[in-house]
Amino acid sequence: AWKKFQAKPFVSKDDFEKEVVRHVETTLARSMFNCDETAAYAAASLAFRDRLITEWNRTQQRQTFADTKRVYYLSLEFLMGRALDNAMLNVGLKNVAKEGLSELGFRIEDIINQEHDAALGNGGLGRLAACFLDSMASLNFPAWGYGLRYKYGIFKQEIVDGYQVEVPDYWLDFNPWEFPRHDIVVDVQFYGGVRKYQDEVGKNVAVWEGGEIVKATAYDVPIPGFDTPTTNNMRLWSSKAASGEFDFQKFNSGDYESSVADQQRAETISAVLYPNDNLDRGKELRLKQQYFWVAASLYDIVRRFKKSKRAWSEFPDQIAIQLNDTHPTLAIVELQRILIDMEGLDWDEAWTIVTNTFGYTNHTVLPEALEKWSVPLFQNLLPRHLQIIYDINMFFLQSVERKFPGDRDMLARVSIIEESQPKMVRMAFLAIVGSHKVNGVAELHSDLIKTTIFKDFVKIFGPDKFTNVTNGITPRRWLHQANPRLSELIASKTGGLGFLKDLNVLNELEKFADDKAFKKEWAEIKYANKVRLAKYIKSTTGVTVNPAALFDIQVKRIHEYKRQQLNIFGVIHRYLTIKAMTPEQRKKLAPRVSIFGGKAAPGYWMAKTIIHLINNVGAVVNKDPDVGDLLKVIFLEDYNVSKAEIITPASDVSEHISTAGTEASGTSNMKFVLNGGLIIGTCDGANIEITREIGENNIFLFGNLAEDVEDLRHTHNYGSHTLDPDLVKVFDLIKSNAFGDAGAFGALTGSIEDHGDYYLVSDDFHSYIQTQTLVDEAYKNQEEWITKTILSVARMGFFSSDRCINEYAEMIWNVEPLPVEKGS
Ligand code: 26Y
């Protein structure tokens, strides 16, 4: 009977407006007479949210009834950005909303801009998780994301006098996209001790007892697929003290302060995202976050499985859990603990289930980013888990010993416990041993992990356990949403928006690569996107840039391995070159705008120094009358997802110039090319596959190859190390205090001159400068340039995260999409 009372989701403009007015006047308790943009954003979001929730409920019901295998994607980071624009586009009602809002007196862009980014991630790894959620929903996979509901996302970056200053990102003031589930609360235990005994039938039993309990409350966020009713779920956990407000017993006994302190300590667990990217600091609170999130998620997953009343052996047929890096590796131990301690399974039976359930994705080979936890810390916080890890390790080492008898070195190398002072738990090794598949995120990277950091494990488990799934990006957000005009042009030539669901359709653009009229439109769109960015630059930095200049962009986390220092040294070299030119020579040079953006981890001094140098170079160059429009240097404050949506469509070239072998994949490289920008890059990460797809005439590659890096480093340290003469000139200028007190940059120049130049800045400098000259030359021939960009876009189909998710589904998860009929 209730069916006839179910709300019908709006489809028309009038019904949308009705919903907006209703939400303004009732949900928000405001009058339409004083409905400002904030209220209009809130009401429009609530209208779309209602719509998503209807489909979300249906999807969950459908998935429960179908009772097929589900995927759980465990990630400590989900860098979602804004939700409203994405929701409007994915349900195909942005135009309806645009007209409706306009009738109510608002411009849709202003409304969209009211939204605070959901920035629960650092960079590539977190944004990859967000693209994956979009693809899994769009492809109708029954899939959930599990994460932490941080009260503070990645900090907001301000630039003060050229220095980075961090400001807390409190984003939950008004968040219409989440649903608190006060009925879904899980107790999570910490500390305490383990009591072992034999039961009546002589079975060994371990009981983890004592310690403290923290409560995890679920918050659900609907994830709409594109052009499908499927709306998946992202479940984020928030921490609270077990005693609720505060401990009444303590309170009544007069210990008010400590009862409030307990409360705060519990809430601290989900308070803040750790702002380190590719840098492990081993802090106890982070281990607490990891276990809190893993324990709540697994409890939830196991509870759902138990409702089906299936045998435990069917667990891996019903459930695939993907570990986004080693951050959720404790899930392996936790599932083993649940199965043996709580459910009474034998070790071997349990371990088979565990290993068949998990897959592990590695995102880095950098030693400083590989997680290790000290054994004493573990012993104190998770005593039972440490015992289980020791047992996992013992059985594993026994199997290694059987396979390689007497190879003591091998045992020491692969042990999950590093025999250091203190001993450390190597999380990557634990993740490998506890999973049935391990994957890297681009071909070169997947080869490198097999031949370097995980070499021994390939010998032990065989090569089939290791595979590659090259990263991808969602074309919905990174083309359709970020670059609506380009998307529209492509749609008009390829027969509609089908390319957004099958990105290989872009191939059809090849035939327009020399089409005059098409090229003109193509170039106009790029120019309009550059004008938009130029306005943004003007309004945020005060600097005027010429939209006809070549826009050269490097936006990503600041890290020595990503080599923003190489870029800024190149800019200084360009500055020197321009200063030395005659006016006639200057006339022949293509004007350039060098744009940087990205956050440095708060404790990473070298990265902060690089930001400082970029800003100081900008301050000098931008006001030098000899230079004028020929060179501008811009640092864009607080790079994030919504800013990327403005920046990415506006590049002529973007820089992906990591030391070969260090960037696992990179994903912004894909975004820039998909938006009609060319790239200058090293033979690293996904740049290599991008080159293979788009053709080597359409990319500017330079620098040493990964296979030569080790030898070069060796020469720096044990042979002779002479710096590139052009780089020496750049350093001389810096040292003359041309960009402020050179003392501030001593550590940076010193790392190259005196400390081994680990990232090969000097070795690659000449090749970099030469390639930049090739870029200048190529840009002068606009006709050819435009053809290159069209051909590149036409060949980018491979880099859709849809392709990537289909590969995970087939090779790792063994799950099928759950088809839906429209309107069902
Ligand atoms: C251990 C902890 C401090 C930590 C936290 C965050 C370690 C690493 C990270 C983040 C890593 C990350 O973002 N990696 C990037 O993943 C992308 C998606 O696979 C890759 O494209 C990119 O090359 C890689 O650096």
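The structure under discussion appears in the preceding block.
Keep in mind it's a predicted model, so treat the numbers as computed, not measured.

Two numbers describe how helix α24 (residues 605-621) lies on helix α30 (residues 746-753): the axes approach to 9 Å, and their chain directions differ by 110°. Here α24 is positioned roughly perpendicular relative to α30, judged by the angle of their axes. Seen from α24, the contacting residues are M606, T609, I610 and L613; seen from α30, they are A747, L748 and S751. Per-class residue counts for the contact of α24 with α30 are 5 nonpolar, 2 polar and no charged.

Moving on, we come to the sheet that holds strand β14 (residues 372-374). Strand order across the open sheet formed by 3 strands is β14-β16-β15, with antiparallel pairing between neighbours. Edge strands, defined here as strands with exactly one partner in the open sheet, are β14 and β15 (417-418).

A few words on the state of the cysteines. Tallying each qualifying case throughout the model produces 0 disulfides. We note that C804 lacks a disulfide partner, and the nearest cysteine sulfur, in C131, lies 9.3 Å from it. Using a relative accessible area of 0% as the deciding quantity, one classes C804 as buried.

Strand order across the open sheet formed by 9 strands is β7-β10-β11-β4-β1-β12-β13-β17-β18, with mixed pairing between neighbours. At either margin of the open sheet sits one strand with a lone partner, and together these are β7 (179-190) and β18 (466-468). With strand direction ignored, the average angle separating the axes of adjacent strands in the sheet is 25°. In the packing of helix α6 (residues 124-138) onto the sheet, the strands contacted are β1 (70-74), β4 (143-148), β10 (212-224), β11 (231-241) and β12 (319-324), and the crossing angle to β10 comes to about 55°.

With that settled, the discussion passes to the packing of aromatic side chains. Per the counting criterion, the structure on display carries 34 aromatic pairs. Considering the side-chain rings of F10 and F16, the 5.4 Å spacing of their centres and the 50° angle between planes classify their relative orientation as tilted. Comparing F10 with F16, the two get one shared label, buried. Put simply, the rings of Y360, F396, F429, F454, F457 and F461 pair up and form one aromatic cluster. For R149, the ring lying beneath its charged end belongs to Y219, and the centroid distance is 3.8 Å.

Pairing between strand β8 (residues 193-198) and strand β9 (residues 204-209): 6 bridges, direction antiparallel. Counted as the bridge partner of Q198 is N204 from β9. Hairpin connection of β8 to β9: 5 residues between the antiparallel strands, including G202 at a positive phi of 80°.

A separate point is the nonpolar core. Within the largest apolar cluster, 177 residues are counted, with the highest numbers of intra-cluster contacts made by M136, F190, W237, F378, L533 and W813. The element contributing the most residues to this core is helix α9 (residues 284-307), with 11 residues. Residues within four places of L533 in sequence aside, it is in contact with F551, I553, I595, L636, I646, I647 and A650. Core analysis: the next-biggest nonpolar cluster, separate from the first, contains 53 residues, I159, V621, I657 and W785 among them.

What follows is about the pattern of salt bridges. Two side chains with opposite charge may pair up if their charged atoms get near one another. Using the criterion set out here, one finds 55 salt bridges in the structure. In this structure, D776 and R574 form a salt bridge, with 2.9 Å as the shortest nitrogen-oxygen distance. Of this pair, D776 sits in helix α31 (residues 761-780) while R574 sits in helix α22 (residues 564-579); the two residues are 202 residues apart in sequence, bridging distant segments of the chain. Taking relative accessible area as the criterion, D776 reaches 6% and is therefore assigned buried. Judged by its relative accessible area of 11%, R574 falls in the buried class. Between D726 and K729 there is a salt bridge, and its shortest N-O distance comes to 3.6 Å. Of the two residues, D726 and K729 both sit in helix α29 (residues 725-735), 3 residues apart, roughly one turn of that helix. Here the salt bridges do not stand alone but share partners, grouping R181, D220, R235, D300, R303 and R304 into one network.

Take D652: it is sitting in the loop between α25 (641-647) and β22 (653-656). Within the local environment of D652, its side chain forms a polar contact with the side chain of K530, the two groups lying 2.6 Å apart. Among the polar contacts made by the side chain of D652, one reaches the main-chain amide nitrogen of F551 at a distance of 2.9 Å. With residues up to four places along the chain from it excluded, the contact list for D652 reads K526, K530, A549, L550, F551, G677, L678, Y779 and W785.

Topologically, T787 is positioned in helix α32 (residues 782-794). We classify T787 as buried; its relative accessible area is 13%.

This next bit is on the packing of helix α20 (residues 484-494) against helix α21 (residues 516-541). Following both chains from N to C, one finds α20 and α21 inclined at 165°, their axes separated by 9 Å at the closest point. By the angle between their directions, the pair α20 and α21 is classed as roughly antiparallel. Crossing hand, α20 versus α21: left-handed. For the pair formed by α20 and α21, the contact residues are R485, L486, L489 and K493 on the first element and F518, E521, W522, E524, I525 and A528 on the second. Grouping the constituent residues of the contact of α20 with α21 by class yields 6 nonpolar, no polar and 4 charged.

With respect to spatial proximity, 22 residues lie near the ligand, and among them L279, H363, N471, E663 and G666 are the closest. S665 places a main-chain nitrogen or oxygen 3.0 Å from an oxygen atom of the ligand. Here G666 contributes a backbone N or O atom positioned 2.8 Å from an oxygen atom of the ligand. In the complex, 98% of the free accessible area of the ligand, which totals 570 Å², lies under the protein chains. A breakdown of the residues in the shell around the ligand according to their chemical character gives 7 nonpolar, 9 polar and 6 charged.

To continue, consider α6. Between its first and last C-alpha atoms α6 spans 21 Å; for 15 residues at 1.5 Å apiece the expected length is 21 Å, and the two agree. Across the 15 residues of α6, 14 count as buried, placing the element largely inside the fold. Backbone geometry just after α6 places N140 at a positive phi near 65°.

Parameters and conventions
Residues numbered from 1 in each chain as written. Predicted model: local features only at pLDDT ≥ 70, side-chain atom pairs only at ≥ 80, totals over all residues. Heavy atoms only, no water. Axes fitted to C-alpha atoms, helices over the stretch in contact; angles between N-to-C directions. Helix = DSSP H or I, 4+ residues; strand = E, 2+ residues; numbered from the N terminus. Parallel < 35°, antiparallel > 145°, perpendicular 65-115°, else oblique. Contact = heavy atoms within 4.5 Å. Nonpolar A, V, L, I, M, F, W, Y, C, P; charged D, E, K, R; others polar. Pairing = 2+ DSSP bridges. Disulfide = S-S within 2.5 Å. Buried < 20%, exposed > 50% of the residue type's maximum accessible area, 1.4 Å probe, protein only. Phe/Tyr/Trp six-rings, centres within 6.5 Å; stacked < 30°, edge-to-face > 60°. Lys NZ or Arg CZ within 6 Å of the ring centre and 35° of its normal. Core = buried A, V, L, I, M, F, W, Y, C linked by side-chain atoms within 4.5 Å. Salt bridge = Lys/Arg side-chain N within 4 Å of Asp/Glu carboxyl O. Polar contact = N/O pair within 3.5 Å; in protein donor to acceptor, adjacent residues only side chain to side chain. Left-handed = near helix turned anticlockwise from the far one by under 90°. Near = heavy atom within 4 Å. Areas by Shrake-Rupley, 256 points an atom, 1.4 Å probe, with all protein chains shown as cover. Expected span 1.5 Å × (residues − 1).

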